[in-house]
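# Report on the structure
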Amino acid sequence: MEINNYNPFASAKQQLSKAAKLLELDEATIEFLSNPMREFHFSIPVRMDDGKIKVFRGYRVMHNDARGPAKGGIRFHPHETIDTIRALAMWMSWKTAVADLPLGGAKGGVICDPHNLSQKEQEGICRGWVRQNFKNIGPQIDVPAPEVMTNPQHMLWMLDEYETITGNRTPGFITGKPVEMGGSLGRKEATGYGVVVTMREALKEIGMNPENTTASVQGFGNVAQNAIALYHQMGGKVICVSSWDQEQQRGLCFCKKDGVLLDELKQISDPFGGINKEKAADLGYEITDGENWIAQQVDILIPAALENSISIENVDKIKDSVKLIAEAANGPTSLEADEVLKKKGIFIIPDFLANAGGVTCSYFEQVQSNMNYYWTKDEVLAKLDEKMTSAYINVSDFAMLNNMSMRDAAYVISVDKVAQACKDRGWV
Ligand code: NAD
């Protein structure tokens, strides 16, 4: 979303150009990596429940596939923009590279608000998205997945439409499917768990015991809920979460000084991660403005909602107690805010490293679906931990060796890998 004139694609390109300078990349490679290799814009006509046709705008952006089939989610959002999708697609290329997955980067979306659509209308959008785009995607070309406001049911409708058109059974066409229909055990947990695996490693590095830490989380969707679950298992305490209030059209914070209870909050939240404020008040939560998640007296901040949530306007609200920021969301910190955080000496686990657990497990799902042979949940989560730990250590070692921030190190490692693959193929 473009919020307060913040353009995620401009920001993604700035980050790329910084890494390109450090790597001394040539002009042609920089130009090639600065833009998506391909993008598709299309109209999706859907017959609504009232009998009228409504036309939705859909997108798929493939940033780079030099390292393997492109991979990236499909997001449903009323304020979706093509530049957000371009940025997210580029970040996917870096994410698959930093996690060392043999995949490229892509992203898609539809401008729509599922809050206001029936199941049948949402099915129409999913099937329409595939009808408009099936020639450009596929298990060996570009593999979609769920993202903000899309879920396993949406993925299954998309798979069914693709298989109906192609006449094959190709479960590897899409990931994030329901487990009983070719999804991977552990996919639901993967992104949030992956965030906490990187937090565990970072806390070791900065000499803190998770059991003695507290955290504040922005968002209460899939990523936030699973991150909180594993962080609680490690003994940490979350004292504040925030979520989007659909009725008031603004964020709200839900705080409990002695620690929020995940299960009770889950019971009073909707499928989009919105928390019911009346029921939360009854349960004793202090409810305040959504911006307050950032101003809590905690050790750790976990932005797990949308882009640009830590900006130059609110970065000064961060308390001196904060030692670690784990960027669970994509692009939560603006470049200007990042500079302020560096000066404050806060340790940051950059987004495309912190949240790489989602695509890592999606890759596991692709592998299982293509083999049509499925692993146990323990096996998936053990492989996830191994991949995330090794990605973290790789970045951290590089950062220390080159006296760089974790973000710069992650960028240099991943941009170098993608650039090298393009060069090895003789593209640039
Ligand atoms: P989700 O739709 O399940 O949850 C989003 C949450 O953010 C909801 O609780 C919503 O209420 C809240 N929110 C939205 N706007 C807010 C605001 N202004 N203030 C407070 N809360 C707000 O989405 P998700 O899948 O949990 O994804 C969250 C972030 O993680 C996104 O940036 C997404 O791109 C990123 N991510 C997700 C995955 C994944 O596997 N789901 C993988 C990698 C990255």
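The terminal C-alpha atoms of helix α13 (residues 377-401), which comprises 25 residues, lie 36 Å apart, in line with the 36 Å expected from a rise of 1.5 Å per residue. By the burial criterion, the buried members of α13 are V380, L381, L384, M388, T389, A391, Y392, V395, S396 and A399. Buried-residue contacts for α13 involve α3 (82-98), α6 (187-205), β12 (347-349), α11 (351-354), α12 (357-371) and α14 (406-424).

When its domains are assigned, the protein resolves into domain 1 (38-172) and domain 2 (188-349). Summarising the inter-unit geometry, the C-alpha centres of domain 1 and domain 2 are found 28 Å apart. Of the residues lining the interface, 14 residues belong to domain 1; the matching set on domain 2 comes to 6 residues. In total, domain 1 and domain 2 occlude about 810 Å² of area from one another, counting both sides; carbon and sulfur atoms represent 59% of this. The largest per-residue losses of area from domain 1 upon contact with domain 2 belong to R75, W91 and H115, which jointly make up 47% of the total buried on that side.

This part covers the packing of aromatic side chains. Scanning the entire structure with this criterion turns up 6 aromatic pairs. With 6.2 Å between their ring centres and 45 degrees between their planes, Y363 and F364 make a pair best called tilted. The buried category is assigned to F364, whose relative accessible area is 5%. Among the aromatic residues, ring-to-ring pairing joins Y363, F364 and W375 into one connected group. A cation sits over an aromatic face here: K256 above Y285, 4.3 Å from the ring centre. Lying over the aromatic face of W375, K383 brings its terminal NZ or CZ to 4.8 Å of the ring centre.

Within the open sheet, the 7 strands sit side by side as β9-β8-β7-β6-β10-β11-β12. Their pairing is mixed. With partners counted over all chains shown, the strands left at the sheet margins are β9 (286-289) and β12, one partner each. Direction aside, neighbouring strands of the sheet carry axes that sit 20 degrees apart on average. Two strands pair when backbone bridges link them, and strand β7 (residues 237-245) and strand β8 (residues 250-255) are joined in this way by 6 bridges, in the antiparallel orientation. Directly across from D245, in β8, lies its bridge partner R250.

Turning our eyes to something else, we now look at the nonpolar core. Residues L33, W94, M199, V241 and I349 are the most contacted members of the largest nonpolar core, which totals 83 residues. Per-element accounting of this core gives the leading share, 10 residues, to α14. No fewer than three residues from each of domain 1 (38-172) and domain 2 (188-349) sit in this core. Setting aside residues up to four positions removed in sequence, I349 forms contacts with T198, M199, A202, L324, I325, A326, E327 and A354. Membership of the second largest hydrophobic core comes to 24 residues, among which are I74, C112, L156 and M158.

Right, let's talk about the packing of α3 against α14 for a bit. Relative orientation of the contacting elements α3 and α14 amounts to 95 degrees, with a least axis distance of 8 Å. Our classification of the angle between α3 and α14 gives roughly perpendicular. Every residue of α14 that contacts α3 at W91, S93, W94, A97 and V98 is listed here: A410, Y411, S414, V415, K417 and V418. Residue classes in the contact of α3 with α14 are distributed as 8 nonpolar, 2 polar and 1 charged.

Moving on to the environment of L16. Along the polypeptide, L16 turns up in helix α1 (residues 8-23). Classification of L16 as buried rests on a relative accessible area of 1%. Note: C-alpha distance between L16 and M90 (74 residues apart in sequence) is 9.2 Å. Leaving out residues up to four positions away in the same chain, L16 has contacts with I30, L33, S34, M90, W94 and V415.

Within the structure shown, the criterion is met by 32 salt bridges. The partner of R131 in a salt bridge is E161, and the shortest N-O contact between them spans 3.1 Å. Separated by 30 residues along the polypeptide, R131 in helix α4 (residues 119-133) and E161 in helix α5 (residues 152-166) bring together distant segments of the chain. Residue classification places R131 among the partly exposed positions, given a relative accessible area of 43%. Note that K342 is salt-bridged to E339, the shortest N-O span being 3.4 Å. Highlighted residues: K342 and E339, both in helix α10 (residues 335-344), separated by 3 residues, approximately one helical turn. By relative accessible area, which is 33% here, K342 ends up partly exposed. For E339, a relative accessible area of 37% translates into the label partly exposed. Here the salt bridges share partners, and the residues they tie into one network are R75, E80, K107, E147 and E307.

Cut-offs used in this document
- Residues numbered from 1 in each chain as written.
- Predicted model: local features only at pLDDT ≥ 70, side-chain atom pairs only at ≥ 80, totals over all residues.
- Heavy atoms only, no water.
- Helix = DSSP H or I, 4+ residues; strand = E, 2+ residues; numbered from the N terminus.
- Expected span 1.5 Å × (residues − 1).
- Buried < 20%, exposed > 50% of the residue type's maximum accessible area, 1.4 Å probe, protein only.
- Contact = heavy atoms within 4.5 Å.
- Domains from an automatic or database assignment.
- Buried area = accessible area lost by both parts, 1.4 Å probe.
- Phe/Tyr/Trp six-rings, centres within 6.5 Å; stacked < 30°, edge-to-face > 60°.
- Lys NZ or Arg CZ within 6 Å of the ring centre and 35° of its normal.
- Pairing = 2+ DSSP bridges.
- Axes fitted to C-alpha atoms, helices over the stretch in contact; angles between N-to-C directions.
- Core = buried A, V, L, I, M, F, W, Y, C linked by side-chain atoms within 4.5 Å.
- Parallel < 35°, antiparallel > 145°, perpendicular 65-115°, else oblique.
- Nonpolar A, V, L, I, M, F, W, Y, C, P; charged D, E, K, R; others polar.
- Salt bridge = Lys/Arg side-chain N within 4 Å of Asp/Glu carboxyl O.

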